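Chain residues, written in single-letter form:
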Amino acid sequence: AVYGFLNIMFKILDEEKPEYLTVTFDVHAPTFRHEMYQEYKGTRKPMAEELRQQVPVIKEVLKAMNIEIIEQAGLEADDLLGTISHQCEKEGLDVSIISGDRDTLQLTTEHIKVRIPKTKQGKTEIEDYLAADVKALMGDTSDNIPGVPGIGEKTATKIIQEYKTIENAYEHVDELKPPRASKNLKEFWEQAQMSKTLATIRLDAETEFDLNGARH
């Protein structure tokens, strides 16, 4: 894990030659999503012990290299990535997010790009089908997000392509097809809203991030 992490990091540093660099970590503690929905990520298997033991070593290596690390109880690493990247964008920087989590694709803007290692030839397709609104409808088994019963990926994608957000879809709920989707969205509207919140990466988390400390 240490070798693999450093390999990816050095490759990215070589390609991007960034002025600033920050690495975010999850903290082993309940997040605001768990407080909202106890079963959030309840079906996830814990990280393999032999991998878990290597995380502190990765942190030690980063500290030895004077690389900024940010982690915060109550937040996931993605929330920190989202908040920091948007903060840096406001300061006029172009940002590259390096993550193995396709959920981070929702953070892309004109000045924020997402690079997912392991994609073929280093190219990342920006796919909208895993956006928070689609997950609000279809749910997400990997994060144990419930979504709306009876609405799968195909229907969810079609609805969001047409109506853009679940709020707009709900305003046109009687027009939704198939009729089951219309009926279920009415019945499970609160669950759909909660699912969207669970799937949305925060951009406004309280952090002690200091851009100068991240200078590379």
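Conventions adopted
- Residues numbered from 1 in each chain as written.
- Predicted model: local features only at pLDDT ≥ 70, side-chain atom pairs only at ≥ 80, totals over all residues.
- Heavy atoms only, no water.
- Phe/Tyr/Trp six-rings, centres within 6.5 Å; stacked < 30°, edge-to-face > 60°.
- Lys NZ or Arg CZ within 6 Å of the ring centre and 35° of its normal.
- pLDDT = per-residue confidence, 0-100.
- Contact = heavy atoms within 4.5 Å.
- Axes fitted to C-alpha atoms, helices over the stretch in contact; angles between N-to-C directions.
- Helix = DSSP H or I, 4+ residues; strand = E, 2+ residues; numbered from the N terminus.
- Parallel < 35°, antiparallel > 145°, perpendicular 65-115°, else oblique.
- Left-handed = near helix turned anticlockwise from the far one by under 90°.
- Nonpolar A, V, L, I, M, F, W, Y, C, P; charged D, E, K, R; others polar.

Student: Summarise the packing of aromatic side chains; cite the residues concerned and give the values.
Tutor: If you walk through the whole model with that rule in mind, you get one aromatic pair. In this arrangement the basic side chain of K59 is found over the ring face of F25, its NZ or CZ atom lying 4.9 Å from the centre. Directly above the aromatic system of F32 lies the positively charged group of R202, at a separation of 5.2 Å from the ring centroid.

Student: Quick rundown of the confidence of the model for the protein chain? Include the residues and the values.
Tutor: A low pLDDT score tells you not to read the predicted coordinates there in detail. Model confidence for the protein chain is summarised by a mean pLDDT of 88, while 94% of its residues fall at 70 or above. Taken as a whole, residues 124-129 scores under 50 in pLDDT and shows 16 contacts with residues more than four places along the chain or in a different chain.

Student: Provide a residue-level description of the packing of helix α1 (residues 2-16) against helix α4 (residues 55-64), including the pertinent values.
Tutor: Where α1 contacts α4, the two axes come as close as 9 Å, and the packing angle between them is 40°. Compared by their axis directions, α1 and α4 come out oblique. Relative to α4, the crossing made by α1 is right-handed. Residues V2, F5, L6 and M9 of α1 lie in contact with α4, whose contacting residues are V57, I58, V61 and L62. By residue class, the composition of the contact of α1 with α4 is eight nonpolar, no polar and no charged.

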